[in-house]
Amino acid sequence: MKGQNIHLERPSFVQRVIVPAAIVLAIMIISLLVYWNSWRIDSVGAHRIVANIAAVVLFVSIGFGSLLVYPMAYFRGANAGERIFASLITPIIWLIKESIRVSVFYTFAETLYYGLNPLYLAVFIGPFGLMGICELVCRSIIKKRSDTSIRVITPLPVAAIFAALVALYVFLIWGGGVHWFYIYMEGYKALFI
């Protein structure tokens, strides 16, 4: 092989984006199906255990799935936009599923407004902070492996982390989430009542 020019091809879009996203999406779907069907278990104790485990796995796949997807896409050669897209597939599909679920009770406009509730906002904005953390970690790994002059800390990932922390504080932590909820409800009353 000496003297031969070996070209490493960049993995396909499916390999670098769809496969990482599909893993977490499959985990979400399976845990959701297990949770929904856990009532079929005859034993109350076993039902509770299975339902609770499925609920935790569901929560982690939706809220923290980008911690798995982003590095997988990064090390498979996905560009920044592809990594962000892959990381948001599971949360967005969950948000769409939930919007369809509540659309049975609300008008279309109310369903859209429902997207401003604290949980929805946290599910959508939280992954950006996790992606910022992953970006810094992945750059650090690349720098150690290849001894390149890559800058590990840059403004965009740090800003994403900071913005996500501020948003999560406002939506979920500030007054136990009550303050944003009151703002949300006042907006609802002003628009729909």
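Data block above holds the structure.
What counts, and where the lines are drawn
- Residues numbered from 1 in each chain as written.
- Predicted model: local features only at pLDDT ≥ 70, side-chain atom pairs only at ≥ 80, totals over all residues.
- Heavy atoms only, no water.
- Helix = DSSP H or I, 4+ residues; strand = E, 2+ residues; numbered from the N terminus.
- Rg over C-alpha atoms; globule rule 2.2 N^0.38 Å.
- Buried < 20%, exposed > 50% of the residue type's maximum accessible area, 1.4 Å probe, protein only.
- Areas by Shrake-Rupley, 256 points an atom, 1.4 Å probe, with all protein chains shown as cover.
- Lys, Arg positive; Asp, Glu negative; His and termini not counted.
- Charge placed at Lys NZ, Arg CZ, Asp CG, Glu CD.
- Phe/Tyr/Trp six-rings, centres within 6.5 Å; stacked < 30°, edge-to-face > 60°.
- Lys NZ or Arg CZ within 6 Å of the ring centre and 35° of its normal.
- Core = buried A, V, L, I, M, F, W, Y, C linked by side-chain atoms within 4.5 Å.
- Contact = heavy atoms within 4.5 Å.
- Salt bridge = Lys/Arg side-chain N within 4 Å of Asp/Glu carboxyl O.
- Patch = residues over 30% accessible without salt bridge, like charges linked within 9 Å, V, L, I, M, F, W, Y side chains within 5 Å.
- Polar contact = N/O pair within 3.5 Å; in protein donor to acceptor, adjacent residues only side chain to side chain.

A. Quick look at the overall build of the chain. Secondary structure assignment for the chain yields 8 helices and 0 strands. Ordered by position in the sequence, the α and β elements of the chain form the string α-α-α-α-α-α-α-α. A compact globule built from 193 residues would reach a C-alpha radius of gyration of about 16 Å, whereas the chain, at 20 Å, exceeds it by more than 25%. Dimensions of the chain, computed from the C-alpha atoms along their principal axes, are close to 75 × 45 × 30 Å. Classification of the 193 residues of the chain by burial places 36% in the buried group. Accessible surface, the chain: about 12000 Å² in total, of which carbon and sulfur atoms supply 72%. Taking the average location of the 15 positive side-chain charges in the chain and that of its 8 negative ones, the two points are 8 Å from each other.

B. Here's a closer look at the packing of aromatic side chains. According to the stated counting rule, one finds 12 aromatic pairs in the structure shown. Geometrically, the ring pair formed by tyrosine 74 and phenylalanine 75 is edge-to-face, given 5.1 Å between the ring centres and 70° between the ring planes. Residue classification places phenylalanine 75 among the partly exposed residues on the basis of a relative accessible area of 36%. Feature note: the residues Tyr113, Phe181, Tyr184, Tyr188 and Phe192 constitute an aromatic cluster, connected by ring pairs. Arginine 145 extends its terminal NZ or CZ atom over the ring of phenylalanine 75, reaching a point 5.3 Å from the ring centre.

C. Looking closely at the nonpolar core. Met28, Ile62 and Trp94 are the most contacted members of the largest nonpolar core, which has 26 residues in total. Of all the secondary-structure elements, those providing two or more residues to this core are helix 1 (13-37), helix 2 (44-64), helix 3 (66-75), helix 4 (80-102), helix 5 (108-114), helix 6 (118-146), helix 7 (155-173) and helix 8 (178-192). In terms of residue count, helix 1 provides more of this core than any other element does, 6 residues in total. If sequence neighbours within four positions are ignored, methionine 28 has contacts with Leu58, Ser61, Ile62, Thr90, Ile93 and Trp94. If you look at the next biggest cluster of nonpolar residues, it comprises 6 residues, including Tyr74, Leu88, Met131 and Cys134.

D. Fine view of the pattern of salt bridges. Applying the stated criterion to the full structure yields 7 salt bridges. Here glutamate 82 makes a salt bridge to arginine 16, at a shortest N to O gap of 2.6 Å. With glutamate 82 in helix 4 and arginine 16 in helix 1, this pair connects stretches of sequence that are 66 residues apart. You'll find glutamate 82 and arginine 16 in the same group, each marked buried. A salt bridge links glutamate 98 to arginine 101, with the nearest nitrogen and oxygen atoms 2.5 Å apart. Here arginine 101 and glutamate 98 lie together in helix 4, a separation of 3 residues that amounts to about one turn. Glutamate 98 gets classed as buried once you look at its relative accessible area, which sits at 8%. Overall, arginine 101 belongs to the partly exposed group, its relative accessible area being 42%.

E. A nonpolar patch on the surface, seen in detail. Together, Ile23, Ile27, Ile49, Ile53, Val57 and Leu68 make up an exposed nonpolar region whose accessible area comes to about 480 Å². The element best represented in the nonpolar patch is helix 2, accounting for 3 residues. Within the secondary structure, isoleucine 49 is located in helix 2. The exposure class assigned to isoleucine 49 is exposed, which follows from its relative accessible area of 53%.

F. Examining the side chain of serine 61 more closely. Its location among the elements puts serine 61 in helix 2. Within polar-contact distance, the side chain of serine 61 engages the backbone oxygen of leucine 58 at 2.8 Å. Apart from residues lying up to four places away in sequence, serine 61 is in contact with Val24, Ile27, Met28, Ser31 and Thr90.

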